[in-house]
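Residues per chain are reported as follows:
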Amino acid sequence: MFPLQFGLEGSKILATSRNKDAFADLSPGLTCNSVPIPDLNDDDFYKMFMHYALGRSDLDDSERRKLEDIGAEIAKKLKGLPLAARTVGGQLHRRKDVRFWRSVKVRDLLNETTRALWWSYQQFDEHVRQCFAYCSIFSKRHHFKRDELVQLWMAQAFIETTNAAEDLYDVGQNYFDELLSVSFLQLGERQVEHGCEVDYFTDHDLLHDLAEEAARGDCFRIEEGVTEEVPPDVRHLFVESCDIKMLTENIYELQNLRTLIIDCHINIGSRDKKVFERMFRRLKKLRVLVLRFSADDGYIFSLPACIGLLKHLRYFDFNVEGRVWFLLVVKILVSSLTCGVYAAWKTFQTLAG
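Thresholds applied
Per-chain numbering applies: the sequence of each chain, read as written, is numbered from 1 onward. In keeping with the model being predicted, local features are shown solely for residues with a pLDDT of at least 70 and side-chain atom pairs are shown and tallied solely at 80 or more, while totals for entire chains, interfaces and linings include all residues. The side-chain numbers reported here are obtained from all heavy atoms of the structure, hydrogens and water having been left aside. The pairing test for Phe, Tyr and Trp rings, Trp by its six-membered ring, is centres within 6.5 Å, and the orientation test on the planes gives stacked under 30 degrees, edge-to-face over 60, and tilted for anything in between. Only DSSP runs of H or I with at least four residues qualify as helices, and only runs of E with at least two residues qualify as strands; both kinds are numbered from the N terminus onward. The buried label goes to any residue with under 20% of its type's maximum accessible area, the exposed label to any with over 50%, and the partly exposed label to all in between, with areas taken from a 1.4 Å probe on protein chains only. Should a side-chain nitrogen of Lys or Arg be within 4 Å of a carboxyl oxygen of Asp or Glu, the pair is scored as a salt bridge. Cysteine sulfur atoms are paired as a disulfide whenever they come within 2.5 Å of each other. This arc is taken over the directions from the axis of the helix to the C-beta atoms. Contact between two residues is taken to exist if any of their heavy atoms lie within 4.5 Å; hydrogens are not considered. Within 3.5 Å is the distance limit for a polar contact, defined as a pair of N or O atoms, with the added protein rule that one can donate a hydrogen and the other accept it, and that residues adjacent in sequence qualify only through two side-chain atoms. Comment: axis = line fitted to C-alpha atoms, over the contacting stretch for helices; angle = value between 0 and 180 degrees taken between N-to-C directions. Just so you know how the angles are binned, under 35 degrees is roughly parallel, over 145 roughly antiparallel, 65 to 115 roughly perpendicular, and the rest oblique. Rotating anticlockwise by less than a right angle from the far helix to the near helix defines a left-handed crossing, while the corresponding clockwise rotation defines a right-handed one. Throughout this entry, Asp, Glu, Lys and Arg are counted as charged residues, while Ala, Val, Leu, Ile, Met, Phe, Trp, Tyr, Cys and Pro are counted as nonpolar. The remaining residues, Gly among them, count as polar. pLDDT: the predictor's confidence for each residue, scored from 0 to 100. Only buried residues count toward a nonpolar core, which is a set of Ala, Val, Leu, Ile, Met, Phe, Trp, Tyr and Cys residues joined through side-chain atoms within 4.5 Å.

1. Let's talk about the packing of aromatic side chains
Here is step 1: Summed over the entire model, instances satisfying the criterion amount to eleven aromatic pairs.
Here is step 2: When the centroid spacing of 5.5 Å and the interplanar angle of 75° are considered together, the rings of Tyr134 and Phe158 count as edge-to-face. Here the residue Tyr134 occupies a position in helix 6 (residues 126-134), and Phe158 occupies one in the loop between helix 7 (146-155) and helix 8 (168-181), the gap between them amounting to 24 residues. Pair check on accessibility: Tyr134 and Phe158 agree, each one buried.
Here is step 3: Relative to Phe238, the ring of Phe138 lies with its centre 5.9 Å away and its plane at 70°, an arrangement referred to as edge-to-face. Here Phe138 is found in the loop between helix 6 and helix 7, whereas its partner Phe238 is found in strand 4 (residues 236-239), with 100 residues between them in sequence.

2. Description of the pattern of salt bridges
Any two side chains of opposite charge can pair, on the condition that their charged atoms come close.
Here is step 1: A complete count under the given rule lists 14 salt bridges for this structure.
Here is step 2: When the shortest N-O distance is used, the salt bridge between Arg221 and Glu223 registers 3.4 Å.
Here is step 3: Given a relative accessible area of 14%, Arg221 falls into the buried group.
Here is step 4: The closest approach of N and O atoms between Asp263 and Arg292, which form a salt bridge, is 3.5 Å. One end of the pair, Asp263, is in strand 5 (residues 259-268); the other, Arg292, is in strand 6 (residues 288-295), with 29 residues separating them in the sequence.
Here is step 5: A residue is classified by how much of its surface remains accessible, and Asp263, at 29% relative accessible area, is partly exposed.

3. Comments concerning the state of the cysteines
Here is step 1: All told, the structure shown has zero disulfides when counted by the stated rule.
Here is step 2: With no disulfide partner, Cys219 has as its closest neighbouring cysteine sulfur the one in Cys135, 8.9 Å distant.

4. Looking at helix 4 (residues 98-105)
An α-helical turn contains 3.6 residues, so a residue and the one three or four places further along point in the same direction.
Here is step 1: Listed in full, the buried residues belonging to helix 4 are Val98, Phe100, Trp101 and Val104. All buried residues of helix 4 fall inside an arc of 165° around its axis, so they share one side.
Here is step 2: Buried-residue contacts for helix 4 involve helix 1 (42-53), helix 2 (61-76), helix 3 (82-94) and helix 5 (113-122).
Here is step 3: Where helix 4 starts, the residue carrying a side-chain oxygen 3.1 Å from the main-chain nitrogen of Arg99 turns out to be Asp97.

5. Some words on the packing of helix 3 against helix 5
Here is step 1: As a packed pair, helix 3 and helix 5 sit with axes 9 Å apart at the nearest point and diverge in direction by 30°. Considering their axes alone, helix 3 and helix 5 lie roughly parallel with respect to each other. Crossing geometry of helix 3 relative to helix 5 is assigned as left-handed. Along the contact surface, helix 3 presents Leu83, Ala84, Thr87, Val88, Gln91 and Leu92, while helix 5 presents Thr113, Ala116, Leu117, Trp119 and Ser120.
Here is step 2: Classifying every residue of the contact of helix 3 with helix 5 gives seven nonpolar, four polar and no charged.

6. Quick look at the environment of Phe158
Here is step 1: Judged by its relative accessible area of 8%, Phe158 falls in the buried class.
Here is step 2: Taking the C-alpha atoms as reference points, Phe158 and Val128, separated by 30 residues in sequence, lie 8.1 Å from one another.
Here is step 3: Leaving out residues up to four positions away in the same chain, Phe158 has contacts with His127, Gln130, Cys131, Tyr134, Trp153, Tyr175 and His236.

7. Concerning the confidence of the model for the chain
Here is step 1: Per-residue confidence for the chain gives a mean pLDDT of 81; residues scoring 70 or more make up 82%.
Here is step 2: Mean pLDDT across the elements of the chain ranges from a minimum in strand 8 (residues 345-350), with 38, to a maximum in helix 6, with 96.
Here is step 3: Across residues 325-353, confidence stays below pLDDT 50; counting only partners more than four residues off in sequence or on other chains, it has 55 contacts.

8. Comments concerning the nonpolar core
Here is step 1: By size, the foremost hydrophobic cluster in this structure holds 40 residues, and its most contacted members are Trp153 and Phe184.
Here is step 2: Looking at this core, the elements with two or more residues in it are helix 5, helix 6, helix 7, helix 8, helix 9 (205-215) and strand 6.
Here is step 3: Ignoring any residue separated from it by four or fewer positions in sequence, one finds Phe184 in contact with Thr87, Leu117, Ser120, Tyr121, Phe124, Phe132, Leu179, Asp203, Leu207 and Leu210.

9. Things to note about unusual backbone geometry
Here is step 1: Even without being glycine, Ala157 reaches a positive phi, approximately 60°.
Here is step 2: Within the secondary structure, Ala157 sits in the loop between helix 7 and helix 8.
Here is step 3: Its identity as a non-glycine residue notwithstanding, Ser183 has a phi of 65°, on the positive side.
Here is step 4: With respect to the helices, strands and loops of the structure, Ser183 is situated in the loop between helix 8 and strand 1 (186-193).

This is the structure we're talking about:
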């Protein structure tokens, strides 16, 4: 809200939310005039649903009329939710067959919106479903790049092909496009970075809930204010808030971890040299390791030689804030050569120095 304090008198901001209480968090004492947005009427909702289900499909008039009649019955079961119209309609668009549409019309799964979304999820190939469920490791409304997400899928061996000539990265891109086509993933924002436009993607809150359900406890997030215990058998962990004590006493016990992403405001100093050594010696099943934290200025930081024990590591992203850049690069390169680290050394970045 800070930039808005410099706006001209009479300036307004328009915010939308599915939760009326969310507006109370905008600013203390802010005057809010809530304008409830009514549901689409049945006719408009049906037209939108058929736009996604048929669009400009090249069908003869007889076939189109049959599908439109069946589509009218399906649309009634989606209870006016635009997101459901888009996802279910997108799945029907892939199979414009009267028999298939009739089978969908009588399914009980479409009686509730959440079940409709679950049905759409079930239409994906097993590997695509696995990739989508993995997205639940991130917090709601988290923005990620397409390329980074595909690489994470590859590191976890979620992408498979029976065609030896087919590149796994390209298959992963196809998975991403498939999820994007039915709005399981959607464009969140577009930013200009280094003179180029970069797209960031996200998922709708309802679909994020669906991904969490599909993950069945495989993914977990440690967030600010979360008091829930980390499941001992969790495979994929995202740490948004923690301290050194949590790293040394809790996370090290998770022997089944395949993904560890530490992205929080934690400072690593000279007294914490053993933190990563213990991590690498205990978490030997890691395939993805992302370390983003800060270090004391002038601190000579190096990853311990036992990083060579991470034989399954496929994706490594290291981002440290502080003036430690030059020595850090030398140390990491030496470790990777002398210890035989089998890893994809993706990125070495620094925010200062």
